[in-house]
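Fold and contact review
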Amino acid sequence: MAHSAAKSARRADARQNAEKIVRAAVTCLGRDPEASMNDIAQEAGVGRVTLYGHFPSREALVEAAMIRLLAQGDEVLEAIDLSGDPRDGLRELMESGWLLIAQAASVLQAAQAALPHGRVQELHAKPEQRVHDLIRRGQAEGVFRADIPADLLASVLHHILHGAATDVATRRLDPTDAPRFMAEMALAVCAVPPARAGLPAAG
C-alpha cells in the first residue's frame, strides 16, 4: 500500500515537472527563439537531469512547446461559430488566428529552425483543415471564388498571416492594425464580387 502511494506520488511529481518544463519552454522561446536547454531548465526551476529525463533533446522540447500553443489556440478557434455566413466566419478566423500567431511567433520561429522539414506543417494540420473546410463551404454557397482551388486559397491566407507576423516583428506593421488588415485581405482574396455572390460553384 505504502509502495503504491509512493509510486503514485513520483508519477504526480514527474507530471508536474514535465508541465513546468513545457511552460518554461513556451516562456523562454517566446522571448528568444534560440533559448537553450539551460535557459529553459533555469526558468522551470529544475536540473539538467530532470529536464533531459523528460525531453531528451531540444528538438523534442521545442515540439512540445509548439504542440502546447497549438492546443491552446485550437480551443480559441473551436469556440468560433462557423455555421453562418462563411465570410463572417473567415473574418473571425483570420482575426483570431492572427492574434494566436502573433503570440506564438517566436516559438514558431524556433520550431521552424529545430524541427525536421514538414513537421511544423503537420502540427498545423488541424487548424488549417478548419480553414479549408470553411473555404469549400463558401465556394459551394457561391460566396467564395471557385476558380481557384480551396487548398491554394488556404495556402495564400497562411502566407498572409505569417507575412504579417514578420512585418510586425520588423516594425513595418502596427500590431493594432493587423487583425483588421488580415480579415480584409482574406476576404479580398476569397470572396467573389458582390454582383456574382450567390452563384453556385463551378463543377
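Everything here concerns the structure above.
Residues numbered from 1 in each chain as written. Predicted model: local features only at pLDDT ≥ 70, side-chain atom pairs only at ≥ 80, totals over all residues. Heavy atoms only, no water.

Description of the nonpolar core
If you look at the biggest cluster of nonpolar residues, it comprises 29 residues, and the most contacted ones within it are Ile21, Leu29, Ile40, Leu51, Leu61 and Met66. For this core, the element with the highest residue contribution is helix α4 (residues 58-78), accounting for seven residues. Beyond its immediate sequence surroundings of up to four residues, leucine 51 is in contact with Ile21, Met37, Ile40, Ala41, Val46 and Leu61. Listed in part, the 27 residues of the second largest apolar core include Ile135, Val143, Ala154 and Leu173. (Core = buried A, V, L, I, M, F, W, Y, C linked by side-chain atoms within 4.5 Å. Buried < 20%, exposed > 50% of the residue type's maximum accessible area, 1.4 Å probe, protein only. Helix = DSSP H or I, 4+ residues; strand = E, 2+ residues; numbered from the N terminus. Contact = heavy atoms within 4.5 Å.)

Some remarks on the packing of helix α5 (residues 86-114) against helix α9 (residues 178-190)
Packing of α5 against α9 leaves a shortest axis separation of 8 Å and a crossing angle of 140 degrees. Relative to α9, the element α5 lies oblique. The interaxial crossing formed by α5 with α9 has right-handed handedness. Contact with α5, carried on its side by Arg87, Leu90, Arg91, Met94, Glu95, Trp98 and Leu99, involves Ala178, Pro179, Met182, Ala183, Glu184, Ala186, Leu187 and Cys190 of α9 and no other residues of that element. By residue class, the composition of the contact of α5 with α9 is eleven nonpolar, no polar and four charged. (Axes fitted to C-alpha atoms, helices over the stretch in contact; angles between N-to-C directions. Parallel < 35°, antiparallel > 145°, perpendicular 65-115°, else oblique. Left-handed = near helix turned anticlockwise from the far one by under 90°. Nonpolar A, V, L, I, M, F, W, Y, C, P; charged D, E, K, R; others polar.)

Concerning the layout of surface pockets
Unfilled space is identified by rolling a water-sized probe across the atoms. Here the largest pocket defines a volume of roughly 620 Å³. Lining the largest pocket are 30 residues, with Leu77, Ile101, His124, Pro127 and Leu161 positioned closest to its centre. Elements with a minimum of two residues in the lining of the largest pocket: α4, α5, α7 (125-140) and α8 (150-169). Residue classes in the lining of the largest pocket are distributed as 16 nonpolar, eleven polar and three charged. (1 Å grid on protein atoms, 1.4 Å probe; cavity = no way out; pocket = protein on both sides within 12 Å on 5 of 7 lines; lining within 4 Å. Points joined across faces, edges and corners; volume = space filled by probe spheres on them.)

Bear in mind that shape data such as this cannot, by itself, settle questions of function.
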